[in-house]
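# Chains, contacts and geometry: an overview
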Amino acid sequence: MDPCRTWGAMAFLCLLVLGGHPGPCRVSIYPEEPTVEFGSSLLLNCTSSCRNYSRLSWEVSITKMGTQGPGWVSLSIPNVTSWSLELQCFGVFGQQRDIATTTLHAYRFSPPQIYLEGDTVAGKEARVTCNASAQVSPRDPPNLHLTLWGGGLPPSTHRGPSVGLSFTPQPEQHGREVMCEAVLRLGRRTVNASAAVTLWVWAPRTVFTTGDNLTVMCRAEGNPPPQLRWEMPTNASWELWDGGTTITIPAAQRVHNGTYRCLAENRYGAGAAGIDLVFRGSSRSPLIPVVVTLAVVTVLAVVAVSWWLYRTQGWKPMPS
């Protein structure tokens, strides 16, 4: 294999060392399979394996922009507005002529988004769906694959713009992360992006007897520590303790029926969890305390990291 041809855009450096080429003179294009996001810019390079050429130039259907040096000539496309573009580079070596051809492929790719349909209540069927979109040449459908996994769910892969899973949430899944990865295959190259969402599993409706002493606690974790806020039934009397993490209701009555929802938030995001409480009948004993814990684990470090990666990196092409 000719090392100068293999090195593509850097072939002219090799030629300076070797001082020529004993075989037939060739031209080559780098990258060999140019793939770029629609509307962005692209720089290509055409190199010659010989220095004794009389002409080295691009043959394209767009206005040519670029620079030239010993054994190479570049092509700059500041705004790719064609889904598919044929590119040619040719070199003239005395009576010999060599042509290299390739096709530029453009694409659009929207990162995946994960949706949880309604409230995720322990013991009740729920569904999580991941959607992504891609666009390539109108002649070809996009080769898009989505994979959904994590959070104690079985992995699911589907070719197309959507993948979903139906499942029955369990309390131990609360706070766990569900991931979705979208992979767009473009010839020998791939472009990928991922998204994550945290499962907030609500406790099912819990029935207590009127007159019970009720304690509702909320625990949240994050960096920086999240601020807590409560949403509770109206006209219900209650007391707030431990810096807002605990609510106590002495001798609860039917007016206390409803949803107790804890919301946690810091500058990176927010999360919530809740429980439905129902009080019926007469008191068994007003001295028996009832403790209900809302295990709210929100804005974990991994969420902050995911947020940072999304803001600083987003999706990125993967090498073939």
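Residues numbered from 1 in each chain as written. Predicted model: local features only at pLDDT ≥ 70, side-chain atom pairs only at ≥ 80, totals over all residues. Heavy atoms only, no water.

If you tally the helices and strands in the protein, you get 3 helices and 24 strands. Buried residues in the protein amount to 43% of all 320 residues. If you take every contact in the protein between residues at least 6 apart in sequence, the share linking residues at least 24 apart comes to 65%. Working note: accessible area of the protein is about 17300 Å², and carbon and sulfur atoms make up 53% of it. (Helix = DSSP H or I, 4+ residues; strand = E, 2+ residues; numbered from the N terminus. Buried < 20%, exposed > 50% of the residue type's maximum accessible area, 1.4 Å probe, protein only. Contact = heavy atoms within 4.5 Å. Areas by Shrake-Rupley, 256 points an atom, 1.4 Å probe, with all protein chains shown as cover.)

It is worth spelling out the pairing of strand β20 (residues 246-249) at this point. Burial along β20 is two-sided: T246 and T248 facing one way and I247 and I249 facing the other are all buried. Bridge count between strand β17 (residues 213-219) and β20: 4 bridges; the pairing is antiparallel. Of the residues in β20, the one forming a bridge with T215 is T248. With 3 bridges connecting them, strand β19 (residues 239-241) and β20 associate as antiparallel partners. The residue of β20 that forms the bridge with W241 is T246. In textbook terms, the turn of a hairpin is the stretch between consecutive antiparallel strands, and for β19 and β20 this stretch comprises 4 residues, one of which, D242, has a positive phi near 50°. (Pairing = 2+ DSSP bridges.)

Bringing the side chain of T35 into the picture now. Structurally, the position occupied by T35 is in strand β2 (residues 35-37). Excluding residues within four positions of it along the chain, T35 makes contact with L104, H105, Y107, L186 and R189.

Right, let's get into the nonpolar core. For soluble globular proteins, nonpolar side chains are generally found buried alongside one another. Judged by nonpolar contacts, the single largest core of 26 residues is most densely connected at Y107, F109, V128, L144 and L148. Of all elements in the fold, only β8 (96-116), β10 (126-135), β11 (143-150), β13 (162-167), β14 (177-186) and β15 (189-198) reach the threshold of two or more residues within this core. With 5 residues, β14 is the single largest residue contributor to this core. F38, W83, F93 and A106 belong to the second largest nonpolar core, which has 24 residues in total. (Core = buried A, V, L, I, M, F, W, Y, C linked by side-chain atoms within 4.5 Å.)

This structure, assessed with the given rule, holds 2 aromatic pairs. With centroids separated by 6.5 Å and ring planes inclined at 85°, the aromatic side chains of Y53 and F93 adopt a geometry described as edge-to-face. Of the two residues, Y53 sits in the loop between β3 (42-48) and β4 (55-59) while F93 sits in strand β7 (residues 84-93), which places them 40 residues apart along the sequence. Looking at R97, its charged tip hangs above the ring of F90, at a distance of 4.3 Å from the centre. (Phe/Tyr/Trp six-rings, centres within 6.5 Å; stacked < 30°, edge-to-face > 60°. Lys NZ or Arg CZ within 6 Å of the ring centre and 35° of its normal.)

What follows concerns the sheet that holds strand β5 (residues 68-69). The strand order across the open sheet built from 4 strands is β1-β3-β6-β5, with neighbouring strands paired in antiparallel fashion. Two strands lie at the open edges of the sheet, namely β1 (27-30) and β5, each paired on one side alone. Relative to β3, β1 runs antiparallel, the two sharing 4 bridges. Counted as the bridge partner of I29 is C46 from β3.

All right, on to the pattern of salt bridges then. For the structure on display, the rule yields 3 salt bridges. Between R229 and E231 there is a salt bridge, and its shortest N-O distance comes to 3.8 Å. Under the relative-accessibility criterion, R229 is labelled partly exposed at 48%. In this structure, a network of salt bridges that share partners links the residues E32, E33 and R188. (Salt bridge = Lys/Arg side-chain N within 4 Å of Asp/Glu carboxyl O.)

Locating G151 in the fold gives a position in the loop between β11 and β12 (153-159). Considering only alpha carbons, one finds G151 and V178, 27 residues apart in sequence, at a separation of 4.9 Å. When near neighbours in sequence (up to four residues on either side) are disregarded, G151 contacts Q173, R176, E177, V178 and L199.

Throughout the structure, instances matching the rule amount to 4 disulfides. Through a disulfide, C46 is tied to C89; the S-S separation comes to 1.8 Å. Torsion about the S-S bond of the C46 and C89 cystine: about -85°, corresponding to left-handed handedness. Here the residue C46 occupies a position in strand β3, and C89 occupies one in strand β7, the gap between them amounting to 43 residues. (Disulfide = S-S within 2.5 Å.)

All right, on to the confidence of the model for the protein then. Predicted confidence across the protein gives a mean pLDDT of 79, with 80% of residues reaching 70 or more. Here helix α3 (residues 301-312) stands out as the least confident element of the protein, with mean pLDDT 36; β1 is the most confident, with 96. Here residues 1-21 is a poorly scored stretch, pLDDT under 50, and it has 30 contacts once near neighbours within four places are set aside; other chains count. (pLDDT = per-residue confidence, 0-100.)

Before going further, it helps to spend a moment on the environment of V207. Mapped onto the secondary structure, V207 falls in strand β16 (residues 201-209). Residues V207 and N257, spaced 50 residues apart in sequence, show a C-alpha to C-alpha distance of 9.3 Å. Those residues within four positions of V207 in sequence are excluded, and the remaining contacts are V278 and R280.

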